[in-house]
Amino acid sequence: MKKYNILALVALAGVMVMVAGCTSSSSPSPSPASSAVTSTTTQNSVAIQNYVFNPSALTIQKGANVTWKNYDSVQHTVTSDSGAFSSPLLSTGDTYTYQFNNTGTYPYHCSIHTYMKGTITVV
Ligand SMILES: [Cu+2]
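Owing to the predicted nature of the structure, the values given are computational and were not obtained by experimental measurement.

Rules of the game
- Residues numbered from 1 in each chain as written.
- Predicted model: local features only at pLDDT ≥ 70, side-chain atom pairs only at ≥ 80, totals over all residues.
- Helix = DSSP H or I, 4+ residues; strand = E, 2+ residues; numbered from the N terminus.
- Buried ≥ 20, exposed ≤ 12 C-beta atoms within 10 Å, placed from the backbone.
- Contact = placed C-beta atoms within 7 Å.
- Pairing = 2+ DSSP bridges.
- pLDDT = per-residue confidence, 0-100.
- Axes fitted to C-alpha atoms, helices over the stretch in contact; angles between N-to-C directions.

Looking now at the overall build of the protein chain. Across its full length, the protein chain carries 2 helices and 8 strands. Taken from N to C terminus, the helices and strands of the protein chain fall in the order α-α-β-β-β-β-β-β-β-β. Residue burial in the protein chain is summarised as follows: out of 123 residues, 16% are buried. Partitioning the contacts of the protein chain with sequence separation of at least 6, the portion at a separation of at least 24 is 46%.

Set out below in structure tokens:
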């Protein structure tokens, strides 16, 4: 009977070690949660307002989308300097979305107001 109790205790201790092991291995779970927060930034937006792109420089992850929205009362475009992408004329409230599937630096401008410049960096 005594031997049996000791065995039970050893088994119980083993279970507790396993539970502790599980708890410590599941403690990094906040990092997948924070990476989930990072993945929400795959939706990136640039405001076109007062004849500027805001933010004018944006760094995103490869495969992410960028959406531009025109808040001005005049029309603008989002036109890649290299021709990688080009929006139609964007009127007030219009949006343009482009997905960047290759790393690199993508300078762009407004084809109407060529002094309006921005850069997307894909890492
Ligand atoms: Cu413009």
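Moving on from the model shown.
For the rest of this paragraph, the subject is the sheet that holds strand E3 (residues 57–60). Taken in spatial order, the 4 strands make up an open sheet running E3-E8-E7-E5, and their pairing is mixed. Sheet topology places E3 and strand E5 (79–80) at the edges, where each strand pairs with a single neighbour. Where E5 lies against strand E7 (residues 104–109), 2 bridges are found, and the strand directions are antiparallel. Note that in E7 the partner of Ser-80 across the bridge is Tyr-108.

Before going further, it helps to examine the confidence of the model for the protein chain. Detailed reading of predicted coordinates is not advised where the pLDDT is low. In this model, the protein chain carries an average pLDDT of 80, and 66% of its residues clear a pLDDT of 70 or more. When the criterion is pLDDT under 50, residues 6–41 qualifies, and its contacts beyond four places in sequence or with other chains add up to 0 contacts.

Moving on: unusual backbone geometry. Here the residue pair Asn-54 and Pro-55 is connected by a cis peptide bond, since its omega of 0° sits within 30 degrees of zero. The phi angle at Asn-50 is positive, at roughly 55°, despite the residue not being glycine. At Tyr-51, a position not held by glycine, the phi torsion is positive, near 65°. For Tyr-51, the location among the structural elements is in the loop between strand E1 (43–49) and strand E2 (52–54). By the C-beta count within 10 Å, which is 13 here, Tyr-51 ends up partly exposed.

Quick look at the environment of Tyr-115 now. Relative to the elements of secondary structure, Tyr-115 occurs in the loop between E7 and strand E8 (117–122). When the C-alpha atoms of Tyr-115 and Tyr-51 are compared, they prove to be 8.8 Å apart, with 64 residues separating the residues in sequence.

Our focus in this paragraph is the sheet that holds E1. The strands making up a sheet associate through hydrogen bonds between their backbones, and the pairing can be parallel or antiparallel. The strand order across the open sheet formed by 4 strands is E2-E1-E4-E6, and the pairing between neighbours is mixed. Each of the sheet's edge strands pairs with one partner strand only, and the pair in question is E2 and strand E6 (95–99). Between one strand and the next, the sheet's axes are offset by a mean angle of 20°, whatever the strand orientation. Judged from the 3 bridges that link them, E1 and E2 form a sheet pairing that is antiparallel. Residue pairing across strands places Ala-47 opposite Asn-54, the latter belonging to E2.

Attention shifts here to the pairing of E1. By the bridge criterion, 6 bridges tie E1 to strand E4 (residues 65–70) in an arrangement that is parallel. Along E4, the bridge assignment pairs Ala-47 with Lys-69. Where E1 folds back on E2, the antiparallel hairpin that results is connected by 2 residues, among which Asn-50 adopts a positive phi of roughly 55°.

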